[in-house]
Amino acid sequence: MKSILTAFLLFACVCVATAQNGTSSSDVVVNPLPINSGDDDFAPFYLQNGKLLYFTSDRDGEQRVFLVQRTANGWGDPQMLSDVINDGEQVGAAAFTPDGQYMVFSAYGRPGSSMGRTDLYSARKVNGQWAEVRNLGPDINSPYWDSQPFISGDGNTLYFASDRPGGSGGSDIYMCRKTPKGWSAATNLGLNINTAADEMSPSIAADNERLYFASNRVDGLGGFDIYMIDLPKTTT
């Protein structure tokens, strides 16, 4: 069974710009966050200018979505979301609209609503609590692995990875557009992005003009590398 997301330790990156001889350079300092555990902690997604951080962890034996808040005194203790979200054998890789009121997440083995191996679900905040969890349905989910969602900064486009048949390779990146009735049917992003290898972990820049993703294609440096492509205005 393919895991919801390739596991990465959570890190904080601080860029410090210094001026030397009229030019500037950047030093990147990478520090592990104090919220990490001895297990897999990954798929971070921050909101409210970094004051809220959602992430996935299997620290309790199975993958679940957690939330941690940052205050003037530093990071608090991670809190696992309720069973409204964390109901399934594996749950994680959550993505959010910028206002933090709408979530799309991945779940494997969610009782009563699963359409395939791993499906995408949505949830909304109602009176400050996550509610209205819905399977995104057959226009988006397949009987295969559908995971790693990301919502564009304007909230109008949903990207995700899937290994369903009919793609270019092992796993491809797909997109859906927001409509008055919900999300449109999933569309493969095509050969400009997808290859005979595996493409996954899509992420969109805040200006909606660049797509970042991971791929283990043959021209990389080894394993999965990070790639970027400029998107046409109609793609986001």
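Our subject is the structure listed above.
Because the structure is predicted, anything quoted here is derived from the model rather than measured. (Residues numbered from 1 in each chain as written. Predicted model: local features only at pLDDT ≥ 70, side-chain atom pairs only at ≥ 80, totals over all residues. Heavy atoms only, no water.)

Visitor: Please clarify how the packing of aromatic side chains should be interpreted in this entry.
Guide: Ring pairs (aromatic) are described by centroid distance and by the angle formed between their planes. Tallying each qualifying case throughout the model produces 9 aromatic pairs. Geometrically, the ring pair formed by Tyr-102 and Trp-183 is tilted, given 6.5 Å between the ring centres and 45° between the ring planes. Pair noted here: Tyr-102 is in strand E9 (residues 102-108) and Trp-183 is in strand E15 (residues 182-183), with a separation of 81 residues, a long-range link. With a centroid separation of 5.8 Å and 20° between ring planes, the pair formed by Phe-213 and Tyr-227 is classed as stacked. One end of the pair, Phe-213, is in strand E18 (residues 210-215); the other, Tyr-227, is in strand E19 (residues 225-230), with 14 residues separating them in the sequence. Note on accessibility: Phe-213 and Tyr-227 belong to one class, buried. Its guanidinium or amino end placed over the ring of Phe-66, Arg-59 lies 5.2 Å from that ring's centre, counting from NZ or CZ. (Phe/Tyr/Trp six-rings, centres within 6.5 Å; stacked < 30°, edge-to-face > 60°. Helix = DSSP H or I, 4+ residues; strand = E, 2+ residues; numbered from the N terminus. Buried < 20%, exposed > 50% of the residue type's maximum accessible area, 1.4 Å probe, protein only. Lys NZ or Arg CZ within 6 Å of the ring centre and 35° of its normal.)

Visitor: What should I look at first to understand the pattern of salt bridges in this one?
Guide: Two side chains with opposite charge may pair up if their charged atoms get near one another. Tallied over the entire structure, the rule returns 8 salt bridges. Notably, a salt bridge pairs Arg-134 with Glu-132, separated by 3.7 Å at the nearest N-O pair. The partner of Arg-210 in a salt bridge is Asp-207, and the shortest N-O contact between them spans 3.7 Å. Note on Arg-210: relative accessible area 31%, which makes it partly exposed. Residue Asp-207 is classed as partly exposed on the basis of its relative accessible area of 41%. Overlapping salt bridges, with partners in common, bring together Asp-207, Arg-210 and Asp-230 in one network. (Salt bridge = Lys/Arg side-chain N within 4 Å of Asp/Glu carboxyl O.)

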